[in-house]
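Summary of the model geometry
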Amino acid sequence: MKKVIIVGAGILGASTAYALAKMGAEVLIVDRQDQGQATDAAAGIICPWVSQRRNQAWYRLAKAGARYYPELVQELMNEGETETGYAQVGALCIHEEWEKISKIEERARVRKADAPEIGDIVLLRDDETRERFPLLAEGYHAVHISGAARVDGRALRDALIRSAVRNGASLIHGDAQLLYQLNRVRGVSVGEQRYSADLVVICAGAWATPLLYPLGIHFKVGYQKAQIMHLKVSDQYDTGSWPLVMPPTDQYMLAFENQKIVIGATHEDDIEGYDTRVTAGGMQEILNKGLKLAPKLAMSTLQEVRVGFRPFTPGFLPVIGAVPDWEGLITANGLGASGLTVGPYLGSQLAKIALDMELDIDLNDYDLRQAMDVDQ
């Protein structure tokens, strides 16, 4: 039985641990519980098919991630994990201009040819759009994508970890440091304790770079701060089955059960360190954009604000694979704003790399060397 240590228990680490434990590996998860973990803050929109991003490697990964979700969630449900935060509620891609809506519809129909999981694609006039999401302002037309889903990152991560532990994995909290000899990683130390393994998998997101410094590797992982607001609306609304809302701006709006509405998020690049503060400027940006879309939210109750750091690698494309010139070490990173879309699927691929299984992706598309400088 292969012994694998996973450093980092966000959506990527949790998914990798789950897949490995299910396949019979001996798994240890080490997590430092840093404030600002992207998964802990994020509410995910699973609807990559209408994206205007032109990078085909990213789209292939995001499309596969969306397709993987129903299978994964059903597996978790079969194990008793009913609180995954996932629901296929559909999406409203909204715009004030009918011509723009028509172009979104056309893009979705073209992509449906190799992604039937998109489901039904329906054009809605503004009154029909408000029927689906009553809080919206007047004047927004929509394309409704029935196959789209929402997910609560925190709930899904917790479900994955619980299931991994039920299947034999262990979880400890602490600051992991790599143990290595010559060009082989042997395990990790956590405080005074040492843990050996056949393989170490780094899933540390925005905190991955310092882990690899002692190996002479500069892992080029940057991060972007996101602030996300959780609101509660009047009991008159039954929000549990409302579709998610994708406006033409960089914001989003998600409805969950119990009158919860999530709006956001900020995209803050010029920050110093891991600044987890909720800022007045961030709240102003979210509210200005959110209340323009849904003015009725002005009377909602502010429940909480979450802060997370999205990890990015060069080219804004995830990287994955065995660390060059080192044995016993693999990693993935750079999931960015698509973390909840691609994280579970990418975790399944990391597990296959760990167990020397055939992959479902072409590693050349996500080459780790694009994000690494190695000291000679």
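None of these values were measured; they are calculated from a predicted model. (Residues numbered from 1 in each chain as written. Predicted model: local features only at pLDDT ≥ 70, side-chain atom pairs only at ≥ 80, totals over all residues. Heavy atoms only, no water.)

Moving on to the side chain of Asn333. As for its placement among the helices and strands, Asn333 is situated in strand 21 (residues 329-333). In this structure, Asn333 is in contact with Gly205, Ala208, Phe219, Val221, Pro311, Thr313, Pro318 and Val319, ignoring residues within four places of it in sequence. (Helix = DSSP H or I, 4+ residues; strand = E, 2+ residues; numbered from the N terminus. Contact = heavy atoms within 4.5 Å.)

Here we come to unusual backbone geometry. With an omega of 0°, the peptide bond between Gly264 and Ala265 qualifies as cis. Within the element layout of this structure, Ala265 appears in the loop between strand 18 (260-264) and helix 8 (280-293). Phi at Gln259 is positive, roughly 65°, even though this residue is not glycine. Even without a glycine there, the phi angle at Asp325 is positive, about 70°. With respect to the helices, strands and loops of the structure, Asp325 is situated in the loop between strand 20 (319-322) and strand 21. With a relative accessible area of 61%, Asp325 lands in the exposed category. (Buried < 20%, exposed > 50% of the residue type's maximum accessible area, 1.4 Å probe, protein only.)

This model, assessed by the stated rule, comprises 27 salt bridges. Among the salt bridges present, the one from Arg162 reaches Glu81, with a minimum N-O distance of 2.7 Å. Taken as a pair, Arg162 in helix 6 (residues 153-166) and Glu81 in the loop between helix 3 (56-78) and strand 4 (86-87) lie far apart in primary sequence, 81 residues in all. Residue Glu81 is classed as buried on the basis of its relative accessible area of 6%. A salt bridge links Lys352 to Asp360; the shortest N-O distance between them is 2.7 Å. A residue is classified by how much of its surface remains accessible, and Lys352, at 18% relative accessible area, is buried. (Salt bridge = Lys/Arg side-chain N within 4 Å of Asp/Glu carboxyl O.)

By themselves, these are just geometric observations and shouldn't be taken as functional.
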